[in-house]
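# Structural characterization, general
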Amino acid sequence: MRRLHPLTPLLRGGIIAVAITVAAGRQLLEGGPVDWPLPIVVAVVAAAAAWAALTWWTTRYQVGSDTLRIESGIVVRRSRRIRLDRVQAVEVQQPLLARVFRMAELQIETAGDGTEATLAYVTLAQAQQLRVELLARAGQLSGRAGQGRAATAREGTESQHQEAAEGVHEVLHRATPGLLLVSQLVRTGPLVALLGAAAAATISVVVGEPLGLALVLPAALAVGNAVWSGFVSHYGFTLTRTARGLAVRAGLLDVRTQSIPTDRVQGVVVVEPMVWRRLGWCEGLVTVAGVGSRSDDTGRLSATLLPVVERDRGARIAIDALAGDIASVPLTGIPHRAMVLAPLTRRVLALGMSAGAPGGPGVVVTRRGWLTRRTDVVPRHKVQSCAVRQGPLQRRLGLATLRLHLPPGPVQAVGLHRDQSEAWRTALTVATTAGASARV
Amino acid sequence: MTANAPDPFAVPGSVWSRVSPRLATLRRVEMLCAAMLLVVLLVVLAVMVPSTRPVVAVAVGALLVVSAYGWWLTGRQVAAWGWVERDSDLVVTRGRVWRRLDVVPYGRMQLVDVTAGPLQRAFGVTTVMLHTASPSTRARVPGLPPEDARRLRDRLAERGEAQAAGL
C-alpha cells in the first residue's frame, strides 16, 4: 500500500489558510481591526492541520493486478475497490495551488455506476505514470475479457491505453488567446446582454431617469464573468490526434487533459452563434460516452472539441472525430406547409441522412436554431433510441418531430417539423441500423 | 383516429398490442379519490364559513365537470397506448392529441424495469419500462397484467442479451 504525497495536507490545508486570510483581509478592509482571539485561531488551525495530517496518514492506495484499492477514513474506515476493467477514463488534473508545487490529482472514472475516485495529491510525474499504468492494466484486462466494436467502454480504455503508451502524434488545432477572448465576447448571450444594457442606459440618459443605469453594472458583471470563465477554461486549447483518437489540453489556472477516443464519440455538434456566422467561425462540441454527464465547468471542457475555429476547418476536424463523411450528406428543408410553425427558422431547419457505405457508419445530420445555429451530427450506429412526436397543430399539417436519443452530452439531434411519414420511416430505419450494429 | 383514416405511424406488417383497460379503471379510481377529497374539504369549508358557500358551490360544480372530462379523457389515453415487438426493436406509442412514439433497439437496452405499486397490484396492472444509455429514452408500457409483464420483460431481456455485445 502506498501513501499520497506528504505535501497533501499542506495543499488541502492551503484552502483553510486562504479562507482565514480572506476573512481577515475583509475585516481589515471594512475598517475594523481583526479582533479574533489568537488562541482560538491557533486552535482552529492546529485542529485543521491535525485532521489533514491524519487524513493523509490513513489514506493509502494500491494498484493490484485487477483492482485499484483505496483505503481512507479516520473515524469510519472506508475501503474501496475499483475493478480496473471498468475504468473508462483517467484524468490528470492540476488545481492552481497544486501546480505551484508540481503536484497533481488523479481522477478515475468507471463505467456503469459512474463512480469516480480521486487520488490527491501525488507528484505530476507520478500521476502521469499512474495514469499510464492504470490504463495499461485496464487495456490488458479488457483485451482478455472481451472484444467487439459494441464494447465501447472497453475499447475506450484500450485506446486510451494505446494513446498513453504511444504518445501524442499531431496537433490539429490550437486556439490563440486573442481569438478566444474576442469570440467569447461576441457569443449571442453576452452580446444580447450588452446591447440590452446599452439600450437601457441610453434610454435612462435620454429620459433623465437613473434607474436604467442600475442595470448596466450587473449586466456587465455577468457578461464579464461568462466571457472570463470561457476564456480561462479554454485558454491554450490544444487538440491533438493520438494513435486512436483525439486529446484535448486546455486551461489557464487549472490545466486539464482529456482524451476523446474516436470510437466512443456519440456525436458532434457545430454551433454558430449569430455574429460568429458572419465571421465564419464555429464551435465544435462532442458527446463522449461516460464523460458528458457532468454539467459543471469540467463537463463543459470535456465536451468541447474546438472552442473557436474557421467553419471549414471545424467541419473537417468534426468529420475526423466521427470518422464519417458528413460533407456529402444532402440536407432537405422542411415542407412548405410547415413554414407557419417555424416562421423564423423556416430556411434553417433541415435534416439529412446518409445510408452509409458497407463498413462506413452513415450519419444523421440535423440543423436548427435562429440566432445561434447548430448542426448536430450523429452516427446511425450510435443512436440509443428514436422518438417521433406530434402535437395537435402538427397533426393537422401532417408533420412530426424526430428526435434521436444519445447518452448525456451537448449533441441533440432533432428534426423539427418533418413530413410525418418521412419522420416515421427515418425513425424505424435508424433504429434498425442501431440495433443491427449493436449486435456485431 | 377514425377507422377509415389510416394511422400515419403504423408499423409495417404489425398491429399495436394494447394495454389492459383495467389501467383506465385504476386511473379513474385515483382521480375520483382525489376529487372526493377536494369535495370533502370544500364542504367542510362551506359548513364552517357560511359566507363561502356560493364559491364552494361553483367550485364543486367545476370539479364535477373536470372529473367527467377526466373520466372520458382517461379512457382515450389508455386506449392510445400501444406497443409492437419488431425483430430488433420495441416500438411504443402513447398519447392522442400529443402523440409520442419511441423506437428502442433491443441491443441498446441497459435494463428493463417491472414495477407495480400496492394500488396497481390490487388492480393487476404492471408497468414495464426500458432504459438505455440515454436518459431521454422514455419507453414505458403501463397497464399490463403481471403475468404478461413478466413475460414481456423476459422476452426483452433475452433479445437484449442476444443482440448486445459486451457492456
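Residues numbered from 1 in each chain as written. Chains lettered and ligands numbered in written order. Predicted model: local features only at pLDDT ≥ 70, side-chain atom pairs only at ≥ 80, totals over all residues.

## Examining the domain arrangement of chain B
Residue and element names in this part refer to chain B. Splitting chain B by domain gives domain 1 (22-77) and domain 2 (82-163). Summarising the inter-unit geometry, the C-alpha centres of domain 1 and domain 2 are found 32 Å apart. Taken together, the contacts link six residues of domain 1 with eight residues of domain 2. Of all the secondary structure elements, the ones that give two or more residues to the side of domain 1 that touches domain 2 are helix H1 (22-48) and helix H2 (53-80). It is H1 that contributes the most residues to the side of domain 1 that touches domain 2, four residues altogether. Here the side of domain 1 that touches domain 2 is composed, by residue class, of two nonpolar, two polar and two charged. (Domains from an automatic or database assignment. Contact = placed C-beta atoms within 7 Å. Helix = DSSP H or I, 4+ residues; strand = E, 2+ residues; numbered from the N terminus. Nonpolar A, V, L, I, M, F, W, Y, C, P; charged D, E, K, R; others polar.)

## Observations regarding helix H7 (residues 188-207) of chain A
Note: α-helices contain 3.6 residues per turn, so residues at a spacing of three or four share the same orientation. Helix length check: H7 of chain A (20 residues) gives 28 Å between terminal C-alpha atoms against 28 Å at 1.5 Å per residue, within 8%. The first or second residue beyond H7 of chain A is Gly 208 of chain A, which carries a positive phi of 85°. (Expected span 1.5 Å × (residues − 1).)

## Section: the sheet that holds strand E1 (residues 17-18) of chain B
Here we have seven strands laid out as an open sheet, ordered E21(A)-E20(A)-E19(A)-E4(B)-E3(B)-E2(B)-E1(B), and antiparallel in their pairing. What marks the edges here is a single partner per strand, and that holds for strand E21 (413-419) of chain A together with E1 of chain B. Direction of pairing for strand E3 (residues 89-94) of chain B relative to strand E4 (residues 99-105) of chain B: antiparallel, over a ladder of six bridges. Among the inter-strand pairings, Asp 89 of chain B is bridged to a residue of E4 of chain B, identified as Pro 105 of chain B. (Pairing = 2+ DSSP bridges.)

## Here we look at the sheet that holds strand E2 (residues 60-63) of chain A
Residue and element names in this part refer to chain A. Spatial strand order, E1-E2-E3-E4: four strands in an open sheet with antiparallel pairing. Both edges of this open sheet fall to strand E1 (2-3) and strand E4 (78-83), since each of them pairs with a single strand only. In the sheet, strand E3 (residues 67-72) pairs with E4 via six bridges, with the strands oriented antiparallel. Paired with Leu 68 across the two strands is Ile 82, which belongs to E4.

## A look at the environment of Gly 143 of chain B
Residue and element names in this part refer to chain B. Summarising the element assignment, Gly 143 is placed in strand E7 (residues 139-144). Overall, Gly 143 belongs to the buried group, with 25 C-beta atoms counted inside 10 Å. Taking the C-alpha atoms as reference points, Gly 143 and Arg 108, separated by 35 residues in sequence, lie 24 Å from one another. Leave out the neighbours within four places in its chain, and Gly 143 touches Val 19, Ser 20, Arg 22, Leu 23, Val 78, Trp 81 and Val 125. (Buried ≥ 20, exposed ≤ 12 C-beta atoms within 10 Å, placed from the backbone.)

## Let's talk about unusual backbone geometry
All names here are of chain A. The linkage connecting Ala 120 with the following residue, Tyr 121, adopts the cis geometry, with an omega of 0°. Among the structural elements, Tyr 121 can be located in strand E7 (residues 116-123). Backbone geometry at Arg 102 places phi at a positive 55°, although glycine is not the residue there. A residue is classified by how many C-beta atoms lie within 10 Å of it, and Arg 102, with 11 of them, is exposed. Residues other than glycine seldom take positive phi values, yet His 417 does so here, at roughly 50°. For His 417, the position within the fold is in strand E21.

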